[in-house]
Structures are given as C-alpha cells and as structure tokens.
Amino acid sequence: MAQTIAVNDAAFDWEGTDSTGKKIKGKTMAGSEAAVRAELRRRGIVAKRVRKQSTLFSKSSKITPGDIAIFSRQLATMLKAGIPLVQAFDIVGAGHDNPGVQKLVMAIKTDVEGGTNFAEALARHPLYFDDLFVNLVQAGEQAGALETLLDKIATYKEKTEAIKKKIKKAMTYPMAVLAVAFVVTNILLIFVIPEFEALFAGFGADLPSFTRMVIDLSDFVRTDGWLVAVVIGGSIAGYLYTHKRSKKLREMQDRAILKLPIIGPIIEKSCIARFARTLSTMFAAGVPLVEGLGSVAGACGNIVYEIGVNEIKEEVATGARLQQCMENTGLFPNMVIQMIAVGEESGSLDEMSAKVADFYEEDVDNAVDGLSSLLEPLIMSILGVLVGGLVVAMYLPIFKMGAVV
C-alpha cells in the first residue's frame, strides 16, 4: 500500500552523502526529523544535517491554478529532457517556494513510487487536478507520450489562466478606485462635514438645499450608518453562503452576467475560447469525443455553457453530429459552428478548434484592453463627482455669503 503524506507534515532541508561519498542535498516532506533520517537511510544516504524549514516568513501554502500550470510546464520540460518521472518530482518539488505545492508534489511522488500510475495519483487530489487533467495524463501514459500530453496540458493551463488574469486585471483597477472613493467619502461625511456644520450654525442664515442634503446625509451616516453596514455585510455573507450551495443561484447569476452590456460579450467569448481550447486539447490527445465533452463542460467557466455542453454530449452519444448539436444549444456563433463542421468533415477537429480558441482568446484580450480604456475615465469621473460634490456642497454657503457682502 502506498505511503501517504499527512496534512501536518513539514518540509525539511537536508544535506548528506550518497554511497559513493558524493555530497548531495534536497528537501523532504515528513512528520519529524527522525522520519527524514530514516527515509534517507532507506535511500542509502548518510544524513549530515537535517533542518526543518522556517514557516515564520514563508509564503502562503494555498495552491492556485497558476501553481498547477507551472507544475505542468516544469514536469513536461523535465520529461522532455529525459529525466525519470520520480526524479522530476524531486526537482519540481524542491524548486517551488510554496510549501503546499511541495507537499502535493511529494504526495504524488510517494504514490507513484508505491506502484500507483501517474493518472491515479493525480486523481487522489481532485481539488487541484480535474477530470480533464487526469484524462489527458491517462491518455499520455497509455500512448507512451506522457511528455507530449503534459506539454499540451501546460499550454492549455497557461492560456486559460492568461484569460482569467486578463479579466481580473481589468476589474481590479475600477474596484480599487471605487473602494478608495467609498472610504474617502465616508471620512468626509463622518469627520469633515460635521466641522463645517458647526461653522454654518453661527451664520444665522438658511443653507442651500444641496448643502442641507449633504449635512443630513452626514447625520444619517454617523447615527445609523452602522445599521446599513450590518445589513450590507449580512447580505453579502448570505449571498456567498447561498452561492456555494445553490446551483440554481449560480445559474441565475451566470445567465444574468451574460446579458450585461460590455461585460457579457467578453464573458461569452471567454467561455467559447475555453470550450474550443479544451476540445482541441482533448481531441488531440486521442480522448473519445463523448468522454472528452464531459471535461469540456466543466472547463467552460459558466454554468450556462456547462449545461449546454452536457446537452451536446448527450446528443453526440446518440450519433448526432457535433456541429448540429452545437447549433441546437443557441450558445455558439455561426462562425464557430461552421469551423467545427469543417473540422469534423476534414478529420482535423483539433486543429480547427485550436484556431477558434486562438481567435477568441485574442478577441478577449482586445475587448478587455478596450474595457480598461473605457473604465479609467469613467471611474475617475465618478470619484470626482463624489468627492468634488461634497466639497462644493460645503463651500456653497461661503460663496453665498460672499455674494451677499
């Protein structure tokens, strides 16, 4: 039975000598220093120094999809260079700064050393390796072309992650500016405007309507603002809790997102790009179309497209053509359907799907760049109106007094 790595295992750096007296060093995941020394003795290594890695200033051990993409690329490069799989695990694990990735790689290595094939070892970690990843690795092992399939997986992961990062980057800037605007506005309402209110109280004259409205808003924020914050916070927490557990809510949300102006078309193109890229990768690996469509559905990134691809899978399983099934869903543009039809007829479905993916990935890049250019002046205008409006409201009475004098 293969040995597994416990959750509380730690990373240990060690130095020693092998059977020829050559100095070597490396990293090992284990529960204690004694376990590390025992493992090294089993491997014929005389340990000279074993030291547990410090976790005080270590990076987060959370494993991201980007980490998996890097793992895939590094492993593909190692295998192409002729390095044995188990040794490649040692090199990749030792060269990663994330303790979580180190632990994951060492766990996979332990399973493989125990006689488990690579695909099964990956399948034991479904949180990080989905069906698509496992199926492609299995196809590569069976065909004796693991390094080629890992290279395809790495390319697929890199391209899909690039699209995600592009969209996130486009949304991060406006969200950050809006957050700053919210904080600045609240500081003005809570701390600055009350000072002006005390000053205006000595004027003995009626304040302009706009100024009065801002002062009333300031009073509301100072007295009942906490209640609004609790309601908003509770609503967000309730939404997040329900979102994780309700597929119907996620489906409603994904359908609504696709109907949004500007953002909706970008998300739609991103889903089509993922669909085409995943389909191309699966088909090129020799995975049967019906089986591959199951992985394609989960890779689309939107429940609407996931449901649509699952419907396509069911129809294809009955003998229908992929082109006709895609047309029946109403989710794909005519250009995509025609290119897939050409791929089916010519026996080059993987190549045509790759061309579709390249086109839509570039289209998403251009659309996101355009969205960023559009949002920057819009967000700055919103910030200017919020902060500038409060400042103008406070100076209106002073301007009015100057006019009277």
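Residues numbered from 1 in each chain as written. Predicted model: local features only at pLDDT ≥ 70, side-chain atom pairs only at ≥ 80, totals over all residues. Heavy atoms only, no water.

Caption draft 1: Up close: the confidence of the model for the chain. Summarising the model, the chain shows a mean pLDDT of 84, and 93% of its residues fall at 70 or more. In the model, residues 1-8 has pLDDT below 50 throughout and makes 16 contacts with residues more than four positions away in sequence or in other chains. In this model residues 55-59 is a low-confidence stretch, pLDDT under 50, and it forms 2 contacts with partners more than four residues away in sequence or in other chains. (pLDDT = per-residue confidence, 0-100. Contact = heavy atoms within 4.5 Å.)

Caption draft 2: Molecular detail of the side chain of S72. Along the chain, S72 turns up in helix α2 (residues 65-80). A residue is classified by how much of its surface remains accessible, and S72, at 0% relative accessible area, is buried. The contacts of S72, once residues within four sequence positions are left out, are F133, L150, I153 and A154. (Helix = DSSP H or I, 4+ residues; strand = E, 2+ residues; numbered from the N terminus. Buried < 20%, exposed > 50% of the residue type's maximum accessible area, 1.4 Å probe, protein only.)

Caption draft 3: A look at the environment of L132. Locating L132 in the fold gives a position in helix α6 (residues 131-143). It is 27 Å that separates the C-alpha atoms of L132 and N334, two residues lying 202 residues apart in sequence. Not counting residues up to four positions away in its chain, the partners in contact with L132 are Y156, T278, M282 and S295.

Caption draft 4: Main features of α6. The terminal C-alpha atoms of α6 lie 18 Å apart, and with 13 residues this matches the ideal 18 Å at 1.5 Å per residue to within 8%. Considered for burial, the residues of α6 that qualify are L132, F133, V134, N135, L136, V137, A139 and G140. Of the surrounding secondary structure, the elements contacted by the buried residues of α6 are α2, α5 (118-123), α7 (146-201), α10 (263-284) and α11 (289-299). Directly after α6, the chain includes G144, whose backbone phi takes a positive value near 70 degrees. (Expected span 1.5 Å × (residues − 1).)

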